[in-house]
Structure formats: C-alpha cells, structure tokens
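Architecture and fold: a report
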Amino acid sequence: MASDDHPDPSAEEASTLSIGLNTLGWSAPLQWLRLGWRDFCRQPAIGLFYGLCFMAMGWGLFKVYEHAPAYTLALSAGFLLMGPFLCMGLYQVSMRLERGEPPGFIDSLAAWHTRTGQMAIFGGVLLILEMIWARASLVIFAVSFDGMPDLSGSLTKLIDPENLGFIVTYLCVGALFAGLIYAVSVISVPMILDKQVDAVTAGLVSMRLVLTQTGVMLLWGALITVLVVLAMLPWFAGLLVVGPVLGHASWHAYRAAVAH
C-alpha cells in the first residue's frame, strides 16, 4: 500500500482517466465566445480591470522591445504563462454567475487562495517550459545572426526577407512550445479551481482533451491567437475587451469539455 508521501502512480492514472470528456462540435468555440461576451457584459467593471492588466503587459513588452528585442521575443511567451493565472479571477466570476451567486471584485482577486499549493506547482511547470522556450529563442537569435544584432526600436529590421531562415526557425520552435503550453493549460486552471483536482491531474486531462479532440481544440487555439493579435494592433487597446472575454470563454470551454 502506498503512503501519503509516496502515492501510487496507478491511482493517479486512474484518477486522470476517470474524469470524463464530452464530445465537442465544431461550433463549440463560437458558443464559448458568445457566453464569454455575455459574462463580460454582466460584470463589465471587473472585466475591464483584468483587461487593463492585459494592456499593461502588452505595453511593458513593447517598452522592453525598444531596448532588448531578443529578450522581448522570448518574454512574449509570458503571455501564455501569465494568461491562465490572470484569468483565474475571470473564471471565478463566470463560476459565480453560473451558480447564481453574486461575483465580487475582491472575490475574483482571491480566487487562487484556496488552491495556492496546486497553482504553485502548475505555475512552476509552466515557468520551466517558458524558461526553456526563452533560452531556445536566444540561441536561435545568436546562431542566426552570429551574435545578438542591434535591432532596437525597429521591427522591420527583424522581419527583413534576408532573415527568412531565422523567421521560419523561430516560428517553428515557438509553435512547438506554444502548442505544448496550450495543451497542458487550456482547461487546467479552471479545472483546479472548480473540481479541486491536483495540478498533475488537471494538466494530463487537458492534454488528453487536446489529443483526443485535436481539430476543435486547434480551432479554439487559432481563434484565441487571431483575436489576441488583432487586439494588439491598436496599441494593445483591444485587449481591454478581448482579454476578459477570452478569459470568460475559457471557463465555458472547460465546462463544455469536461463531464460533470
């Protein structure tokens, strides 16, 4: 019999597989966006606060780019790292609305309080992945340009056609890490918040969802990417609304995907 300090791996696997997944239709991502917009409209003040946080992250990255573009490209992965945790307050709001309970701003800020340990473990895993991604990005920069080029303040220097090899390599490596982080985290944080499961179980269930319903989850990931990129164009102003809407929508994605 396994002790509490050394849990039985087979028990963990059984726990992971015991969480059922629903079959998702191709229209599901659009439904999640609609529900996310509805939740945002019901609690716009809370949503706008988190939207401002997303905007601040964008502005911070832009300022860093003016001085260290190579590091900015690596740190941009932090959006994938911070996004699920920043959205935790939005998940809390959507959960309260779904249960017919009044959501509150302070309540959303303290959403992580009851799951501090598991969120710390999950955050540590994502942080390690982000650090590896950042290091890989810097290595690609150094190899492609025979050192760190001076690209400060000019994005056009980076996307010059002469740098096609660098661009392709960087995007391929970035897609690999982004896909891995997406697969591990797409429904993990709301699951930890709602079902009180451990971080490992949540991550494995999230990956199982992506691997078994790849088409729909790729569509959802593509919609998130397109909306975030478009929201960044006018000085990140679009994130004021797009950020919280996607946060609320991610809660509904979890609720639709996981059997309850």
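Per an unreviewed UniProt entry, the chain goes by the name DUF2189 domain-containing protein and belongs to Paucibacter sediminis.

It is worth spelling out the overall build of the chain at this point. Within the chain one finds 14 helices and 0 strands. N-terminal to C-terminal, the α/β element order of the chain is α-α-α-α-α-α-α-α-α-α-α-α-α-α. For the chain, the proportion of its 260 residues judged to be buried stands at 43%. Contacts spanning at least 24 positions in sequence make up 77% of the contacts within the chain whose residues lie at least 6 apart. Accessible area of the chain: about 13,200 Å², with a carbon and sulfur share of 70%.

To continue, consider the side chain of Ser 94. Locating Ser 94 in the fold gives a position in helix H6 (residues 88-98). Judged by its relative accessible area of 1%, Ser 94 falls in the buried class. Ignoring any residue separated from it by four or fewer positions in sequence, one finds Ser 94 in contact with Asp 39, His 248, Trp 251 and His 252.

For the rest of this paragraph, the subject is the UniProt feature "transmembrane region" (unreviewed entry) in the chain. Per the UniProt record, "transmembrane region" (unreviewed entry) is found at residues 44-62, 68-91, 120-145, 165-193 and 214-237. Between the C-alpha atoms that bound residues 165-193 the distance is 42 Å, and the span itself is 93% helix and 0% strand. With 79% helix and 0% strand, residues 214-237 has end C-alpha atoms that lie 31 Å from one another.

A few words now on the confidence of the model for the chain. Looking at the chain as a whole, its pLDDT mean stands at 81, while 79% of the residues score no less than 70. Per-element confidence in the chain ranges from a low mean pLDDT of 53 for helix H1 (residues 9-18) to a high of 97 for helix H2 (residues 28-42). Under a pLDDT of 50 for its full length, residues 1-14 has, in the predicted model, 5 contacts with residues more than four places off or in other chains.

What follows concerns H2. Here H2 contains 15 residues, and its C-alpha end-to-end distance of 21 Å stays within 8% of the 21 Å for a straight helix at 1.5 Å per residue. Of all the residues in H2, the buried ones are Ala 28, Pro 29, Trp 32, Leu 33, Leu 35, Gly 36, Asp 39 and Phe 40. Within H2, the buried residues cover an arc of 165 degrees as seen down the axis, which keeps them to one side.

Attention now moves to the nonpolar core. Grouped together as the largest cluster of nonpolar side chains are 54 residues, with contacts concentrated most on Leu 24, Trp 32, Ile 187, Met 191, Met 217 and Trp 220. Considering every element that reaches this core, the biggest residue donor is helix H14 (residues 239-257), with 8 residues. Those residues in contact with Met 217 that sit more than four places away from it in its chain are Leu 24, Trp 32, Tyr 182, Val 186, Leu 209 and Val 210.

Now for helix H12 (residues 199-212). Taking 1.5 Å as the rise per residue, H12 with 14 residues should run 20 Å; its terminal C-alpha atoms sit 20 Å apart, in good agreement. A side-chain oxygen of the first residue of H12 lies 3.1 Å from the backbone nitrogen of Val 200; this N-cap is Asp 198.

Between helix H11 (residues 188-195) and H12, the least distance of the axes is 9 Å, while the angle of their chain directions is 130 degrees. Comparing the axis directions of H11 and H12 gives the class oblique. H11 and H12 meet at a crossing whose hand is right-handed. For the pair H11 and H12, contact is made by Ser 188, Met 191 and Ile 192 and by Ala 199, Ala 202, Gly 203, Val 205 and Ser 206, respectively. Looking at the contact of H11 with H12, its residues break down into 5 nonpolar, 3 polar and no charged.

Cut-offs used in this document
- Residues numbered from 1 in each chain as written.
- Predicted model: local features only at pLDDT ≥ 70, side-chain atom pairs only at ≥ 80, totals over all residues.
- Heavy atoms only, no water.
- Helix = DSSP H or I, 4+ residues; strand = E, 2+ residues; numbered from the N terminus.
- Buried < 20%, exposed > 50% of the residue type's maximum accessible area, 1.4 Å probe, protein only.
- Contact = heavy atoms within 4.5 Å.
- Areas by Shrake-Rupley, 256 points an atom, 1.4 Å probe, with all protein chains shown as cover.
- UniProt positions renumbered as here; feature names shortened; annotations may be inferred.
- pLDDT = per-residue confidence, 0-100.
- Expected span 1.5 Å × (residues − 1).
- Arc of directions from axis to C-beta.
- Core = buried A, V, L, I, M, F, W, Y, C linked by side-chain atoms within 4.5 Å.
- Polar contact = N/O pair within 3.5 Å; in protein donor to acceptor, adjacent residues only side chain to side chain.
- Axes fitted to C-alpha atoms, helices over the stretch in contact; angles between N-to-C directions.
- Parallel < 35°, antiparallel > 145°, perpendicular 65-115°, else oblique.
- Left-handed = near helix turned anticlockwise from the far one by under 90°.
- Nonpolar A, V, L, I, M, F, W, Y, C, P; charged D, E, K, R; others polar.

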